[in-house]
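The primary structure of each chain is shown beneath.
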Amino acid sequence: MTIRTRFAPSPTGLLHIGGARTALFNYLFSRHYGGEFLLRVEDTDRERSTDAATQVILEGLEWLGIRHDGQTVFQSSRQSRHAEVAWQMLEAGHAYRCYLSPAELTAMREQAAAEKRPFRLVSPWRDRDPADAPSDVKPVIRLRAPREGETVVEDLVQGTVRVANVELDDMIILRSDGTPTYQHAVVVDDHDMAITHVIRGDDHLTNAFRQSQVYQANGWDIPRFAHIPLIHGADGAKLSKRHGAVSVLEFREQGFLPEALCNYLLRLGWGHGDAEILSRDEAIALFDLDGVGRAASRMDYAKLTNLNAHYLRQADNDRLTADVVARLGVTDPAVIARVRALMPGLRERARTMVELAASATFLTRVLPFDFDMKAAALLTPEAKVMLAEVATTLESGPFTSEAIDAALRGIAEASGRKLGQVAQPIRAALTGTTTSPPIDATLVALGRDEALARIRAAAA
RNA sequence: GUCCCGUUCGUCUAGAGGCCUAGGACACUGCCCUUUCACGGCGGCGACACGAGUUCGAAUCUCGUACGGGAUACCA
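Bear in mind that the values here come from a model prediction, so they are computed numbers and not experimental data.

Peer 1: Requested: an account of the confidence of the model for chain A, with residues and values cited.
Peer 2: This prediction gives chain A a mean pLDDT of 92; 99% of its residues lie at or above 70. Both scores are available for the predicted complex, with the pTM at 0.94 and the ipTM at 0.94.

Peer 1: Mind laying out the packing of helix H8 (residues 258-267) against helix H10 (residues 301-313), listing which residues take part and the relevant values?
Peer 2: Viewed as axis vectors pointing N to C, H8 and H10 meet at an angle of 135°, and their least axial separation amounts to 8 Å. Classified by the angle between their axes, H8 and H10 sit oblique to one another. Crossing of H8 over H10 shows right-handed handedness. Counting all contacts with H8, which are made through Glu259, Ala260, Leu261, Asn263 and Tyr264, the residues of H10 involved are Lys303, Leu304, Leu307, Asn308 and Tyr311.

Peer 1: With reference to specific residues and values, describe the packing of helix H1 (residues 17-32) against H8.
Peer 2: Helix-helix packing: each pair is described by the crossing angle between the helix axes and the interaxial distance. Relative to each other, H1 and H8 sit at 85°, their axes nearing to 10 Å. By the angle between their directions, the pair H1 and H8 is classed as roughly perpendicular. On the side of H1, the interface is formed by Ile17, Ala20, Arg21, Leu24, Phe25 and Leu28, while H8 contributes Cys262, Leu265 and Leu266. In terms of residue class, the contact of H1 with H8 is made up of eight nonpolar, no polar and one charged.

Peer 1: Which residues make up the protein's contact with RNA strand B, and what values go with them?
Peer 2: Around RNA strand B there are 60 residues in total, and Asp45, Arg175, Gly269, Arg349 and Ser436 lie nearest to it. Considering RNA strand B, the proportion of its atoms within 4 Å of the protein that are sugar or phosphate atoms stands at 66%. Take Asn207: an N or O atom from its side chain is 3.3 Å from a base nitrogen of RNA strand B. Per-element tally for the surface near RNA strand B: the top contributor is helix H17 (residues 419-431), with five residues. A breakdown of the residues in the surface near RNA strand B according to their chemical character gives 18 nonpolar, 18 polar and 24 charged.

Peer 1: Can you tell me about the nonpolar core, naming the residues and giving the values?
Peer 2: Grouped together as the largest cluster of nonpolar side chains are 90 residues, with contacts concentrated most on Ile426 and Leu443. With eight residues, H1 is the single largest residue contributor to this core. The residues contacting Ile426, other than those within four sequence positions of it, are Leu387, Val390, Leu408, Ile439, Leu443 and Ile455. Among the nonpolar cores identified, the runner-up in size contains 30 residues, and Val85, Ala86, Met89 and Leu143 belong to it.

Peer 1: Break down the side chain of Arg427 for me, with residues and values.
Peer 2: Position of Arg427 relative to the elements: it lies in helix H17. Buried within the structure, Arg427 lacks any salt-bridge partner; Asp440 is the closest side chain of opposite charge, at an N-O distance of 7.5 Å. Ignoring sequence-local partners within four residues, the contact set of Arg427 consists of Gly432, Thr433, Thr434, Thr435, Ser436, Pro437, Pro438 and Ile439.

Peer 1: Would you mind going over the environment of Ala457 in detail, with residue names and values included?
Peer 2: Counting through the fold element by element, Ala457 comes out in helix H19 (residues 448-459). Since its relative accessible area comes to 39%, Ala457 is described here as partly exposed. Residues Ala457 and Pro229 lie 228 residues apart in sequence; the distance between their C-alpha atoms is 59 Å.

Peer 1: Now, about the environment of Gly149: what can you tell me, with residues and values included?
Peer 2: Of note, Gly149 is situated in the loop between strand E5 (140-143) and strand E6 (150-155). You can call Gly149 exposed: its relative accessible area is 53%. Each C-alpha atom, one on Gly149 and one on Pro398, is 87 Å from the other, the two residues being 249 residues apart in sequence. In this view, Gly149 contacts Ala164 and Asn165; residues no more than four positions away in its chain are not counted.

Peer 1: Outline H19, supporting the account with residue identities and numerical values.
Peer 2: At 3.6 residues per turn, the α-helix brings residues three or four places apart onto the same side. Taking 1.5 Å per residue as the helical rise, H19 with its 12 residues ought to reach 16 Å, and the 16 Å between its terminal C-alpha atoms agrees with that figure. The secondary structure elements touched by the buried residues of H19 are helix H12 (333-346), helix H15 (381-394), H17 and helix H18 (439-446).

Peer 1: Hey, could you go over the packing of aromatic side chains for me, with residue numbers and the actual values?
Peer 2: In total, this model carries eight aromatic pairs according to the counting rule given. Connected via pairs of aromatic rings, a cluster forms that spans Phe25, Trp270 and Phe287. Arg128 extends its terminal NZ or CZ atom over the ring of Trp125, reaching a point 4.2 Å from the ring centre.

Peer 1: Now, about unusual backbone geometry: what can you tell me, with residues and values included?
Peer 2: Across the junction of Leu367 and Pro368, the peptide omega takes the value -5°, indicating a cis bond. For Pro368, the position within the fold is in the loop between helix H13 (353-360) and helix H14 (373-378). Not every positive phi belongs to a glycine, and Ala194 is a case in point at roughly 55°. Along the chain, Ala194 falls in the loop between helix H5 (182-192) and strand E9 (197-201). Overall, the relative accessible area of 39% leaves Ala194 in the partly exposed class.

Reading the values: the criteria
- Residues numbered from 1 in each chain as written.
- Chains lettered and ligands numbered in written order.
- Predicted model: local features only at pLDDT ≥ 70, side-chain atom pairs only at ≥ 80, totals over all residues.
- Heavy atoms only, no water.
- pLDDT = per-residue confidence, 0-100.
- Axes fitted to C-alpha atoms, helices over the stretch in contact; angles between N-to-C directions.
- Helix = DSSP H or I, 4+ residues; strand = E, 2+ residues; numbered from the N terminus.
- Parallel < 35°, antiparallel > 145°, perpendicular 65-115°, else oblique.
- Left-handed = near helix turned anticlockwise from the far one by under 90°.
- Contact = heavy atoms within 4.5 Å.
- Nonpolar A, V, L, I, M, F, W, Y, C, P; charged D, E, K, R; others polar.
- Near = heavy atom within 4 Å.
- Polar contact = N/O pair within 3.5 Å; in protein donor to acceptor, adjacent residues only side chain to side chain.
- Core = buried A, V, L, I, M, F, W, Y, C linked by side-chain atoms within 4.5 Å.
- Buried < 20%, exposed > 50% of the residue type's maximum accessible area, 1.4 Å probe, protein only.
- Lys, Arg positive; Asp, Glu negative; His and termini not counted.
- Salt bridge = Lys/Arg side-chain N within 4 Å of Asp/Glu carboxyl O.
- Expected span 1.5 Å × (residues − 1).
- Phe/Tyr/Trp six-rings, centres within 6.5 Å; stacked < 30°, edge-to-face > 60°.
- Lys NZ or Arg CZ within 6 Å of the ring centre and 35° of its normal.

Right, here's the structure in full:
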């Protein structure tokens, strides 16, 4: 049997990291078993769904490199099929028309609350003669759920979960306006799409009971369920805007690489021995549902950042340069060349693209520029004399890393200074700061003309 | 309220009755390396929520308590 999974977001907001991880797990699981991964946009709530949100979800998945198979299914386009199934269930006696008005429902609920007893709706219309139906109320269609026994869900992550059927009331499958409810639509769609494994957040665990009943009423095979724990904020509370970046696209803005985010998300709630760094291929080879934990996990930016630094160090220099140049708004080919030249040294020192870009800004400066406090302090009268000497020395000879290194060591030795005492003032002159990649590489990236101009300006 | 789920270092996790004096990673921290900043290397700190029980033996099994989370919609 071909394994088929799906990711079914509702386009009512952003693609947050919890959703992204759910998509990742579905994707990895299907790939691991050589199956298919489908995408279904659950836009049945017309009020809250927007095209913009759909686009954000699509863009987020693409950025993360989570590709789905086949056409994207829009749930709204399947409403007639949902209704059709509802009518069939009605005809077969697995569902019934309920004429309870919203007002009556509210009254029943309030009374139950007042009496401090749990509210379990038992609709009088479940067994009442439809001939008694009031003519002024448009009915909803409710599932005729079993009243006795229990419903059991064999969950691949949570284990066997069971609930007494008396706890579950007859849910609405078709609203009075003829539109399907989510609980019904999901089942019909998953069945029609031949989904074999439903992997989703555990906030849906209790929905699985009701959905199982719909499958059973229709005589359909129930897919395997896997309810994965939610991701919480660093404070342990449910993820929300106040936790900083929530949307995956925000992570992109904050300078995280998609491969780093995927690796981080994979390890959040899933483990495989001591494996920490996993490429996409390794993840596909190793991923399985038995490695998924049951407890909610917290978002940890420090770990994400550390992972990002790892991937930054092995990323392609041209790719990083393009990103940095875009973030800095640089268009001058000469400056772009400097950034590219120094990229191997820069990327060793940054943890995010934002930091990388910041570390490259000195390459875009135009004389005269400001020095930060520490850099300015390095430019003592004595240092300025030395800088003039350095400038003179570097005027001739090959302007290569090796030659520059040799020349600077010569100056240090001749003047009885440590190399650091020579390099730091040069670094200050070149960058206006006290940190940069190795001084020889920095000089080479800037080019002889620009480098000497900066050193002379600082020596003056 | 009721139903369902969960609980190992600060965080992510390894752990499927003896291999656990509980391992790894991040964070924090000491030292080394060093051309600044990083990287790296070697150390340190640090956890089985609590209480009963089963067992020769429990982080691992059972029950209870506490604390979290989710669900209880003509939302998804």
